[in-house]
Amino acid sequence: MKRDYYEVLGITKSAADSEIKSAYRKLALKYHPDKNPGNKEAEEKFKEINEAYDILSDKQKKQQYDTFGHDAVNGAGGNPFSGGNPFGGGGFQYSGGVDINDIFENLGDMFSGGSRRRSGRQETNRGADLRADVEVSYNDAMNGAEFTVEIPKKETCGSCRGTGGKDGSKPKQCPQCHGSGQIRRSSGFFSFAQTCSRCGGSGQIIDNPCPQCRGAGAIKKRNSIKVRIPAGVNEGTTLRVSGSGDAGSNGAPAGDLFVVVHLKPMANFQREGDNLHTKISITFAQASMGTEYDVPIINGSVKVKIAAGTSAGTTLRVREQGFPRLGRRDKGDLYVNIDVKIPKSMNDAQKKALFEYAKTMGEIPKDAQYQSDGFFKKFFG
Ligand SMILES: [Zn+2]
Ligand SMILES: [Zn+2]
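Peer 1: For this particular structure, what's the right way to read the coordination of the zinc ion (ligand 1)?
Peer 2: In a perfect tetrahedron of four donors around a metal, the angles come out at 109.5 degrees. In a perfect octahedron of six, they are 90 or 180 degrees. The protein atoms that coordinate the zinc ion (ligand 1) are Cys 157 (SG), Cys 160 (SG), Cys 210 (SG) and Cys 213 (SG), at distances of 2.3 to 2.4 Å. Considering all four donor atoms around the zinc ion (ligand 1), angles at the metal cover 104 to 115° and the coordination shape is tetrahedral. Along the chain, the residues donating to the zinc ion (ligand 1) fall in the pattern C-x2-C-x49-C-x2-C. Of the two residues, Cys 160 is situated in the loop between strand S2 (145-156) and strand S3 (172-173) and Cys 210 in the loop between strand S6 (204-205) and strand S7 (218-229); the sequence distance between them amounts to 50 residues. Both residues of the pair, Cys 160 and Cys 210, belong to the buried class.

If you want it as structure tokens, here you go:
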């Protein structure tokens, strides 16, 4: 079981950003590999701390984690936000990660005051992240699938190529604030800064706005995005499609698209983690004498040996016939719950055979005579 990220850092859910950071700093220093050479346990702890911090220090990931728990960030088994890219080359990329280089980079950033990833001017121009929800069948979750997600998203305006100026003309420095975006005013002893009214604080003005996007540099358009759903996804699995969010402004990178998976229920099947549960009914004779049964699964069937003397309510486990574990090679198991059918009606010959059987079991006196009609009442009622 994965430990709760808040527990890992020894903080509460309501901890402020600064508390999260300071808790991480303290623990990271204590368990840092440099301070604990060759100590495997410390290394594992260090990784755990970094993973927790990677999620909790990122507003979006934290929110997903708060809502969906480990499932959101882990999928159904693997951890899509760490350990690189489990789906290799399929267009999915996950940020963060716990490989050793990343850890050192984080530490370096931390001590130089703030993470590079989350600071700097560029970040503010980055396009917004978008969210799309897809509903997948058990079959899709079992085998993987490709979906086309329809989503309105901001795209760089083709008319001005994102500059916001007519025919691609570049914005000019604002003559009122000389590009700073602020105007200093003094009042008595005080001097204070005010947002420049001419450019609205951007420091730039567009003389001749692009008529297509009215100077915004981007246009909201309906978009079809192909998304590959890897085998093994579960309810709540969140996939990130890098760069498929809103376009960034001024050449900044696009945001990401987060695809949240929902699993359509399927009659007679139930998913629990990566395991698949189903039910079958066998006859009294099959249960008593044993049989081989073709158990239907999502896509086909699997032969299961049922031992002689199997009673109703028995659950058999068939290894590796469940769902693929997300980002891994192995699979969950299949659990087959067995019910034993009792016939609702029998013909005379069948009743007689059962009567003779009951006799051999000592349930009926040896000298009793079978009478069609009524023996059930007489001996079993
Ligand atoms: Zn434009
Ligand atoms: Zn200005």
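Peer 1: Help me understand unusual backbone geometry, please; the structure alone is not making it clear to me.
Peer 2: Of all residues except glycine, most have a negative phi; of all peptide bonds, most are trans. Even without a glycine there, the phi angle at Arg 161 is positive, about 55°. Considering the arrangement of structural elements, one finds Arg 161 in the loop between S2 and S3. A positive phi angle, near 70°, is found at Asn 268, a position not held by glycine.

Peer 1: Is there a simple way to think about helix H10 (residues 348-360) in this case?
Peer 2: With 13 residues, H10 ought to run about 18 Å at 1.5 Å a step, and its terminal C-alpha atoms sit 19 Å apart, in line with that. The set of residues buried in H10 consists of Phe 355, Ala 358 and Lys 359. Along the long axis of H10, the arc covered by the buried residues comes to 105°, so they all point the same way. Those residues of H10 that are exposed and aimed more than 90 degrees away from the buried face are Ala 349 and Thr 360.

Peer 1: Would you explain the coordination of the zinc ion (ligand 2) in this entry?
Peer 2: Around the zinc ion (ligand 2), the protein contributes the donor atoms Cys 174 (SG), Cys 177 (SG), Cys 196 (SG) and Cys 199 (SG), which lie 2.2 to 2.3 Å from the metal centre. Classification of the site at the zinc ion (ligand 2) rests on its four donor atoms, whose angles at the metal span 102 to 117°, yielding the label tetrahedral. Motif for the zinc ion (ligand 2), donor spacing along one chain: C-x2-C-x18-C-x2-C. Linking Cys 177 in the loop between S3 and strand S4 (182-187) with Cys 199 in the loop between strand S5 (190-195) and S6, this pair joins segments that are 22 residues apart in sequence. A residue is classified by how much of its surface remains accessible, and Cys 177, at 6% relative accessible area, is buried. The exposure class assigned to Cys 199 is buried, which follows from its relative accessible area of 12%.

Peer 1: Which parts of the structure should I look at to understand the pattern of salt bridges?
Peer 2: This model, assessed by the stated rule, comprises 21 salt bridges. Close ionic contact of Asp 66 with Lys 62 constitutes a salt bridge, the shortest N to O distance being 3.6 Å. Of this pair, Asp 66 and Lys 62 both sit in helix H4 (residues 59-68), four residues apart, which is roughly one turn of the helix. Across the salt bridge formed by Asp 330 and Arg 325, the nearest N and O atoms sit 3.2 Å from each other. Judged by relative accessible area, which is 25%, Asp 330 ranks as partly exposed. On the accessibility criterion, Arg 325 (21% relative accessible area) is partly exposed. Counted as one network, the salt bridges with shared partners bring together Arg 271, Asp 274, Arg 325, Arg 328 and Asp 330.

Peer 1: Would you explain a nonpolar patch on the surface in this entry?
Peer 2: Residues Phe 189, Phe 190 and Phe 192 make up a contiguous nonpolar surface patch of about 440 Å² in total accessible area. Relative to the elements of secondary structure, Phe 192 occurs in strand S5. Accessibility expressed as a relative area gives 36% for Phe 192, which makes it partly exposed.

Peer 1: Explain the nonpolar core to me, please; I cannot follow it from the model alone.
Peer 2: Val 134, Val 136, Val 227, Ile 229, Val 233, Leu 257 and Leu 276 are the most contacted members of the largest nonpolar core, which totals 39 residues. One finds Ala 42, Phe 46, Ile 49 and Tyr 65 within the second-largest nonpolar core, a separate group that totals 20 residues.

Peer 1: I tried to follow the packing of aromatic side chains on my own but got confused; where do I start?
Peer 2: Taken as a whole and judged by the stated rule, the model has six aromatic pairs. Plain terms: the ring middles of Tyr 6 and Tyr 65 are 6.1 Å apart, the flat faces sit at 40° to each other, and that makes the pair tilted. Placement of the pair is Tyr 6 in helix H1 (residues 5-9) and Tyr 65 in helix H4, with a sequence separation of 59 residues. Across this residue pair, the class does not change: Tyr 6 and Tyr 65 are buried. Chaining the aromatic ring pairs together yields one cluster made of Tyr 5, Tyr 6 and Tyr 65. One Lys or Arg, Arg 271, reaches over the ring of Phe 323 and ends 3.9 Å from the middle of that ring.

Peer 1: I keep staring at the sheet that holds strand S14 (residues 315-318) and nothing clicks. Help me out?
Peer 2: Within a sheet, each strand pairs with its neighbour through backbone hydrogen bonds, oriented either parallel or antiparallel. With mixed pairing, four strands are arranged side by side in an open sheet as S10-S11-S15-S14. With partners counted over all chains shown, the strands left at the sheet margins are strand S10 (269-272) and S14, one partner each. Sheet twist, expressed as the mean angle between neighbouring strand axes with direction ignored, is 30°. Across eight bridges, strand S11 (residues 275-283) lies against strand S15 (residues 334-341) in parallel orientation.

The rules we used
Residues numbered from 1 in each chain as written. Chains lettered and ligands numbered in written order. Predicted model: local features only at pLDDT ≥ 70, side-chain atom pairs only at ≥ 80, totals over all residues. Heavy atoms only, no water. Donors = N, O, S within 2.8 Å, 3.2 Å for Na, K, Ca; no water. Tetrahedral: all angles 85-135°; square planar, octahedral: opposite > 155°, others 65-115°. Helix = DSSP H or I, 4+ residues; strand = E, 2+ residues; numbered from the N terminus. Buried < 20%, exposed > 50% of the residue type's maximum accessible area, 1.4 Å probe, protein only. Expected span 1.5 Å × (residues − 1). Arc of directions from axis to C-beta. Salt bridge = Lys/Arg side-chain N within 4 Å of Asp/Glu carboxyl O. Patch = residues over 30% accessible without salt bridge, like charges linked within 9 Å, V, L, I, M, F, W, Y side chains within 5 Å. Areas by Shrake-Rupley, 256 points an atom, 1.4 Å probe, with all protein chains shown as cover. Core = buried A, V, L, I, M, F, W, Y, C linked by side-chain atoms within 4.5 Å. Phe/Tyr/Trp six-rings, centres within 6.5 Å; stacked < 30°, edge-to-face > 60°. Lys NZ or Arg CZ within 6 Å of the ring centre and 35° of its normal. Pairing = 2+ DSSP bridges. Axes fitted to C-alpha atoms, helices over the stretch in contact; angles between N-to-C directions.

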